[in-house]
Amino acid sequence: RVVADELFDPTKSTPMGIVCITMVCVFAGRGTFGEVVVLGTSTFHVFLAFWFCYMAHKYRMLPDPSWFPNTVGLAYASIKTWLYLPLIGKTLMVLCGVFFFATFFISIIRVFLNKKISAPVCWIQISAPSITLYAFTLMQQPSIEQEEAMEQSPENMDKFMEIH
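Q: What's the story with the overall build of the protein chain in this structure? I'm lost.
A: On a plain count of helices and strands, the protein chain comes out with eight helices and zero strands. Reading the protein chain from its N terminus to its C terminus gives the helix and strand order α-α-α-α-α-α-α-α. In terms of overall dimensions, the protein chain has a C-alpha envelope of 60 × 35 × 25 Å along the principal axes. Residues classed as buried in the protein chain amount to 37% of the 164 residues present. Within the protein chain, contacts between residues separated by at least 24 positions form 72% of all contacts whose residues are at least 6 apart in sequence. Total accessible area on the protein chain is roughly 10100 Å²; 68% of this is exposed by carbon and sulfur atoms. Separation between the mean location of the 11 positive side-chain charges and that of the 12 negative ones in the protein chain comes to 20 Å.

Q: Explanation requested: the nonpolar core in the structure shown.
A: General note: in soluble globular proteins, nonpolar side chains tend to be found buried as a group. Phe68, Val72, Leu74, Leu95, Phe99 and Ala128 are the most contacted members of the largest nonpolar core, which has 21 residues in total. Sorting the residues of this core by element identifies α3 (31-58), α4 (74-84), α5 (86-113) and α6 (119-138) as the ones contributing at least two each. It is α5 that contributes the most residues to this core, seven residues altogether. Setting aside anything within four residues of it in sequence, one finds phenylalanine 68 in contact with Gly73, Thr103, Phe104, Ser107, Ile124, Gln125 and Ala128.

Q: Would you explain the environment of arginine 110 in this entry?
A: With respect to the secondary-structure elements, arginine 110 resides in helix α5. With 42 residues separating them in the primary sequence, arginine 110 and glutamine 152 have C-alpha atoms 53 Å apart.

Q: For this particular structure, what's the right way to read the packing of α4 against α5?
A: Relative placement of two packed helices is described by the angle separating their axes and the distance separating the axes. At their nearest, the axes of α4 and α5 sit 7 Å apart, and the two run at 165° to each other. Judged on the interaxial angle alone, α5 and α4 are roughly antiparallel. When the axes of α4 and α5 are compared, the crossing they make is left-handed. Facing Leu74, Ala75, Ala77, Ser78, Ile79, Thr81, Trp82 and Tyr84 of α4, the residues of α5 in contact are Pro86, Ile88, Gly89, Lys90, Leu92, Met93, Leu95, Cys96 and Phe99. The class makeup of the residues in the contact of α4 with α5 is 13 nonpolar, three polar and one charged.

Q: Please clarify how the layout of surface pockets should be interpreted in this entry.
A: One simple way to see leftover space: roll a probe sized like a water molecule over the atoms. Approximately 190 Å³ is the volume attributed to the largest pocket. In terms of lining residues, the largest pocket is bounded by Ile18, Ile21, Phe68, Pro69, Val72, Gly73, Tyr76, Trp123, Ile124, Ser127, Ala128 and Ile131. Of all elements in the fold, only α2 (14-27) and α6 reach the threshold of two or more residues within the lining of the largest pocket. In terms of residue count, α6 provides more of the lining of the largest pocket than any other element does, five residues in total. Of the residues that constitute the lining of the largest pocket, the class distribution is ten nonpolar, two polar and no charged.

Cut-offs applied
- Residues numbered from 1 in each chain as written.
- Predicted model: local features only at pLDDT ≥ 70, side-chain atom pairs only at ≥ 80, totals over all residues.
- Heavy atoms only, no water.
- Helix = DSSP H or I, 4+ residues; strand = E, 2+ residues; numbered from the N terminus.
- Buried < 20%, exposed > 50% of the residue type's maximum accessible area, 1.4 Å probe, protein only.
- Contact = heavy atoms within 4.5 Å.
- Areas by Shrake-Rupley, 256 points an atom, 1.4 Å probe, with all protein chains shown as cover.
- Lys, Arg positive; Asp, Glu negative; His and termini not counted.
- Charge placed at Lys NZ, Arg CZ, Asp CG, Glu CD.
- Core = buried A, V, L, I, M, F, W, Y, C linked by side-chain atoms within 4.5 Å.
- Axes fitted to C-alpha atoms, helices over the stretch in contact; angles between N-to-C directions.
- Parallel < 35°, antiparallel > 145°, perpendicular 65-115°, else oblique.
- Left-handed = near helix turned anticlockwise from the far one by under 90°.
- Nonpolar A, V, L, I, M, F, W, Y, C, P; charged D, E, K, R; others polar.
- 1 Å grid on protein atoms, 1.4 Å probe; cavity = no way out; pocket = protein on both sides within 12 Å on 5 of 7 lines; lining within 4 Å.
- Points joined across faces, edges and corners; volume = space filled by probe spheres on them.

And the structure:
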(Lines give C-alpha, C1' and ligand atoms only; values in the text may rest on other atoms or scores of the structure.)
Protein backbone atom coordinates (compact mmCIF):
# COMPACT_ATOMS: atom_id res chain seq x y z
CA ARG A 1 0.00 0.00 0.00
CA VAL A 2 2.85 2.38 0.82
CA VAL A 3 4.47 1.84 -2.59
CA ALA A 4 1.21 2.58 -4.40
CA ASP A 5 0.71 5.77 -2.35
CA GLU A 6 4.22 6.94 -3.21
CA LEU A 7 3.72 6.21 -6.91
CA PHE A 8 0.57 8.33 -6.98
CA ASP A 9 2.70 11.36 -6.09
CA PRO A 10 4.56 12.46 -9.25
CA THR A 11 7.39 14.05 -7.29
CA LYS A 12 8.14 10.80 -5.45
CA SER A 13 7.77 8.34 -8.35
CA THR A 14 11.12 9.15 -9.99
CA PRO A 15 12.93 6.20 -8.37
CA MET A 16 10.62 3.83 -10.27
CA GLY A 17 12.00 5.17 -13.56
CA ILE A 18 15.53 4.60 -12.26
CA VAL A 19 14.62 1.04 -11.26
CA CYS A 20 13.32 0.42 -14.80
CA ILE A 21 16.53 1.83 -16.30
CA THR A 22 18.63 -0.38 -14.04
CA MET A 23 16.61 -3.50 -14.85
CA VAL A 24 16.93 -3.14 -18.63
CA CYS A 25 20.65 -2.36 -18.40
CA VAL A 26 21.40 -5.32 -16.13
CA PHE A 27 19.30 -7.98 -17.88
CA ALA A 28 19.92 -7.12 -21.56
CA GLY A 29 21.90 -9.82 -23.32
CA ARG A 30 21.23 -12.49 -20.68
CA GLY A 31 19.43 -15.03 -22.83
CA THR A 32 15.72 -15.69 -22.95
CA PHE A 33 15.20 -14.72 -19.32
CA GLY A 34 16.94 -11.39 -19.93
CA GLU A 35 14.82 -10.77 -23.01
CA VAL A 36 11.61 -11.36 -21.07
CA VAL A 37 12.75 -9.05 -18.25
CA VAL A 38 13.83 -6.32 -20.70
CA LEU A 39 10.60 -6.45 -22.70
CA GLY A 40 8.41 -6.60 -19.58
CA THR A 41 10.27 -3.76 -17.89
CA SER A 42 10.21 -1.66 -21.07
CA THR A 43 6.46 -2.14 -21.35
CA PHE A 44 6.02 -1.12 -17.72
CA HIS A 45 8.26 1.91 -18.28
CA VAL A 46 6.07 3.10 -21.17
CA PHE A 47 2.97 2.88 -18.95
CA LEU A 48 4.89 4.64 -16.17
CA ALA A 49 5.86 7.50 -18.52
CA PHE A 50 2.29 8.08 -19.69
CA TRP A 51 0.92 7.74 -16.17
CA PHE A 52 3.54 10.20 -14.93
CA CYS A 53 2.58 12.73 -17.61
CA TYR A 54 -1.10 12.30 -16.75
CA MET A 55 -0.44 12.86 -13.03
CA ALA A 56 1.80 15.87 -13.74
CA HIS A 57 -0.95 17.35 -15.89
CA LYS A 58 -3.53 16.61 -13.21
CA TYR A 59 -1.44 18.43 -10.57
CA ARG A 60 -0.48 21.17 -13.10
CA MET A 61 3.27 20.67 -12.60
CA LEU A 62 5.93 22.17 -14.85
CA PRO A 63 8.77 19.90 -16.06
CA ASP A 64 11.96 19.72 -14.04
CA PRO A 65 14.98 17.39 -14.14
CA SER A 66 13.34 14.87 -11.80
CA TRP A 67 10.98 14.02 -14.67
CA PHE A 68 13.73 12.61 -16.88
CA PRO A 69 14.06 9.07 -15.43
CA ASN A 70 10.34 8.49 -15.94
CA THR A 71 10.08 10.10 -19.39
CA VAL A 72 13.36 10.58 -21.25
CA GLY A 73 14.73 7.52 -19.44
CA LEU A 74 12.73 5.51 -21.96
CA ALA A 75 15.82 5.85 -24.14
CA TYR A 76 17.49 3.10 -22.13
CA ALA A 77 14.48 0.85 -22.60
CA SER A 78 14.39 1.66 -26.32
CA ILE A 79 18.06 0.82 -26.81
CA LYS A 80 17.81 -2.50 -25.02
CA THR A 81 14.47 -3.37 -26.66
CA TRP A 82 16.01 -2.56 -30.04
CA LEU A 83 18.39 -5.48 -29.51
CA TYR A 84 15.45 -7.91 -29.49
CA LEU A 85 12.68 -6.17 -31.45
CA PRO A 86 14.12 -3.41 -33.67
CA LEU A 87 10.82 -1.85 -34.76
CA ILE A 88 9.47 -1.56 -31.21
CA GLY A 89 12.84 -0.22 -30.06
CA LYS A 90 12.75 2.47 -32.72
CA THR A 91 9.19 3.36 -31.73
CA LEU A 92 10.33 3.82 -28.13
CA MET A 93 13.23 5.96 -29.37
CA VAL A 94 10.81 8.28 -31.14
CA LEU A 95 8.64 8.41 -28.00
CA CYS A 96 11.74 9.30 -25.98
CA GLY A 97 12.47 12.13 -28.41
CA VAL A 98 8.95 13.47 -28.04
CA PHE A 99 9.26 13.42 -24.23
CA PHE A 100 12.65 15.12 -24.49
CA PHE A 101 11.43 17.97 -26.67
CA ALA A 102 8.29 18.39 -24.55
CA THR A 103 10.13 18.67 -21.23
CA PHE A 104 13.78 19.64 -21.64
CA PHE A 105 13.53 23.30 -22.61
CA ILE A 106 11.01 24.20 -19.90
CA SER A 107 13.15 22.29 -17.42
CA ILE A 108 16.33 24.13 -18.41
CA ILE A 109 14.63 27.47 -17.89
CA ARG A 110 13.43 26.38 -14.45
CA VAL A 111 16.95 25.22 -13.52
CA PHE A 112 18.51 28.43 -14.85
CA LEU A 113 16.15 30.61 -12.82
CA ASN A 114 16.69 28.58 -9.64
CA LYS A 115 19.23 30.27 -7.36
CA LYS A 116 20.07 27.11 -5.43
CA ILE A 117 20.52 23.80 -7.25
CA SER A 118 22.17 20.55 -6.25
CA ALA A 119 24.78 18.61 -8.23
CA PRO A 120 22.53 15.55 -8.84
CA VAL A 121 19.87 17.78 -10.37
CA CYS A 122 22.48 19.27 -12.71
CA TRP A 123 23.68 15.77 -13.62
CA ILE A 124 20.14 14.67 -14.45
CA GLN A 125 19.65 17.84 -16.51
CA ILE A 126 22.77 17.05 -18.54
CA SER A 127 21.93 13.36 -18.99
CA ALA A 128 18.63 13.98 -20.78
CA PRO A 129 20.08 15.26 -24.06
CA SER A 130 22.98 12.82 -24.05
CA ILE A 131 20.83 9.70 -23.68
CA THR A 132 18.35 10.99 -26.25
CA LEU A 133 21.12 11.59 -28.77
CA TYR A 134 22.54 8.14 -28.01
CA ALA A 135 19.16 6.59 -28.76
CA PHE A 136 18.85 8.52 -32.02
CA THR A 137 22.27 7.36 -33.20
CA LEU A 138 21.17 3.77 -32.82
CA MET A 139 18.17 4.36 -35.06
CA GLN A 140 20.53 4.41 -38.04
CA GLN A 141 22.33 1.19 -37.16
CA PRO A 142 21.42 -1.93 -39.14
CA SER A 143 19.47 -4.65 -37.37
CA ILE A 144 20.85 -8.19 -37.07
CA GLU A 145 18.84 -9.29 -40.10
CA GLN A 146 20.13 -6.38 -42.19
CA GLU A 147 23.71 -7.10 -41.13
CA GLU A 148 23.38 -10.75 -42.15
CA ALA A 149 21.91 -9.70 -45.51
CA MET A 150 24.84 -7.33 -46.06
CA GLU A 151 27.35 -10.06 -45.28
CA GLN A 152 25.73 -12.29 -47.91
CA SER A 153 25.95 -9.70 -50.66
CA PRO A 154 29.01 -7.50 -51.37
CA GLU A 155 26.81 -4.99 -53.24
CA ASN A 156 24.72 -4.44 -50.12
CA MET A 157 27.86 -3.96 -48.02
CA ASP A 158 29.25 -1.42 -50.50
CA LYS A 159 25.92 0.47 -50.45
CA PHE A 160 25.93 0.50 -46.63
CA MET A 161 29.50 1.80 -46.54
CA GLU A 162 28.58 4.51 -49.06
CA ILE A 163 25.67 5.74 -46.94
CA HIS A 164 27.52 5.63 -43.63
